[in-house]
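# Descriptive structure summary
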Amino acid sequence: RDAEGSSAGGPTQLIATHESRPLAEVLREMLRYSTNITAELCGVAAAGAPSGGALEASAGALNAWAAGRGGFAPDDPGFRLANHSGLSLNSRVSPARLVQLLQAVALAPAPVETVDDRLPPGVAQLLRPHNIAAKNVAFDYANTAVAAKTGTMHFVRGLAGYVTTPKGRRLAFAVFANDLARREQGEYGARSWANRARNLERALIREWVLLADATAEPSK
């Protein structure tokens, strides 16, 4: 077709087609390697935005969907994304709202192949197994399943996902840590700070597992 879109030489002819891998595989790899461009493209496509459309409009559609699925107000200050990758100072997500959304999507799973049947179907199956082990800490690691997504920047650390306890209780969680003052000042030491943040995450998850199983109803 010519630049105006009209046919210049009669009927068009299909030359070749190429199909991508299944979407679940694309998303699983995107989450593993934190591929931001894939996140943006998938988000725009999921929002139904036209090619080249405004990113703000498709992010608005994502926010509306998340609010409806998670059960919070569309204008909730605890969940406001400016794009689909998270790479924006204008995005805001609170741990409470993220956990609400994780709970909701676990209850209404997408048709995703089950990788670990101990975890909820759907989104949890797209996440990588997460290690919560610590030296000299006795814990039933073998019967605890954790799948999560990490996020690490300069003096900023996030972890969110799902855990299934030895007694079979399924939990959704989100942990955010930051030291914005040191980040703004451009201080060194982010690596040792991030290690402490990781240790805190692991300790919290282990504690949540123990508390959940301690309060679990005895099996009949």
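How each quantity is defined
- Residues numbered from 1 in each chain as written.
- Predicted model: local features only at pLDDT ≥ 70, side-chain atom pairs only at ≥ 80, totals over all residues.
- Heavy atoms only, no water.
- Helix = DSSP H or I, 4+ residues; strand = E, 2+ residues; numbered from the N terminus.
- Contact = heavy atoms within 4.5 Å.
- Areas by Shrake-Rupley, 256 points an atom, 1.4 Å probe, with all protein chains shown as cover.
- Lys, Arg positive; Asp, Glu negative; His and termini not counted.
- Charge placed at Lys NZ, Arg CZ, Asp CG, Glu CD.
- Phe/Tyr/Trp six-rings, centres within 6.5 Å; stacked < 30°, edge-to-face > 60°.
- Buried < 20%, exposed > 50% of the residue type's maximum accessible area, 1.4 Å probe, protein only.
- Axes fitted to C-alpha atoms, helices over the stretch in contact; angles between N-to-C directions.
- Parallel < 35°, antiparallel > 145°, perpendicular 65-115°, else oblique.
- Expected span 1.5 Å × (residues − 1).
- Core = buried A, V, L, I, M, F, W, Y, C linked by side-chain atoms within 4.5 Å.
- Pairing = 2+ DSSP bridges.

Our focus in this paragraph is the overall build of the protein chain. Of the regular secondary structure elements, the protein chain holds six helices and six strands. In the protein chain, the succession of α and β elements from N to C terminus is α-α-α-β-β-α-β-β-β-β-α-α. Based on the C-alpha atoms only, the size of the protein chain along its principal axes is roughly 75 × 55 × 35 Å. The contacts in the protein chain between residues at least 6 apart in sequence include a share of 50% that link residues at least 24 apart. Carbon and sulfur atoms make up 55% of the accessible area of the protein chain, which amounts to about 14000 Å² in all. Positive and negative side-chain charges in the protein chain, numbering 24 and 20 respectively, have mean positions lying 7 Å apart.

Summed over the entire model, instances satisfying the criterion amount to four aromatic pairs. Relative to Phe79, the ring of Phe72 lies with its centre 5.5 Å away and its plane at 40°, an arrangement referred to as tilted. A single burial state applies to Phe72 and to Phe79, both of which are buried. Between the aromatic rings of Phe139 and Tyr141, the centroid separation amounts to 5.0 Å while the plane-to-plane angle is 50°, which identifies the pairing as tilted. Assessed through its relative accessible area of 26%, Tyr141 is described here as partly exposed.

Running from amino to carboxyl end, helix H3 (residues 55-70) crosses helix H4 (residues 95-107) at an angle of 75°, the nearest separation of the two axes being 8 Å. If you check the angle between H3 and H4, you find them roughly perpendicular. Touching Trp65, Ala66, Arg69 and Gly70 of H3 are Gln100, Leu101, Ala104 and Val105, all from H4.

Moving on, we come to the environment of Ala160. Relative to the helices and strands, Ala160 is located in strand E5 (residues 156-164). With 49 residues separating them in the primary sequence, Ala160 and Val209 have C-alpha atoms 15 Å apart. Setting aside residues up to four positions removed in sequence, Ala160 forms contacts with Leu98, Leu102, Ala147, Ala148, Lys149, Phe173 and Ala174.

It is worth spelling out helix H6 (residues 190-214) at this point. Each α-helix turn comprises 3.6 residues. Residues three or four places apart therefore point the same way. An ideal rise of 1.5 Å per residue puts 36 Å on 25 residues; H6 measures up with 36 Å between its terminal C-alpha atoms. All of the buried residues along H6 are Ala190, Trp193, Ala194, Ala197, Glu201, Ile205, Arg206, Val209, Ala212 and Asp213. If you follow the buried residues of H6, they end up packed against strand E4 (145-153), E5, strand E6 (170-178) and helix H5 (180-185).

The next thing to look at is the nonpolar core. By size, the foremost hydrophobic cluster in this structure holds 19 residues, and its most contacted members are Phe79, Leu119 and Tyr162. Looking at this core, the elements that each hand over two or more residues are H3, H4, E4 and E5. With six residues, H4 is the single largest residue contributor to this core. Core analysis: the next-biggest nonpolar cluster, separate from the first, contains ten residues, Ile132, Leu159, Phe173 and Ile205 among them.

The next subject is the sheet that holds E5. Read from one edge of the open sheet, four strands run E3-E4-E5-E6, paired in antiparallel fashion. Bordering the open sheet on either side are strand E3 (128-129) and E6, each of which pairs with just one other strand. Running at roughly 155° to E6, H4 makes contact with E5 and E6 of the sheet.

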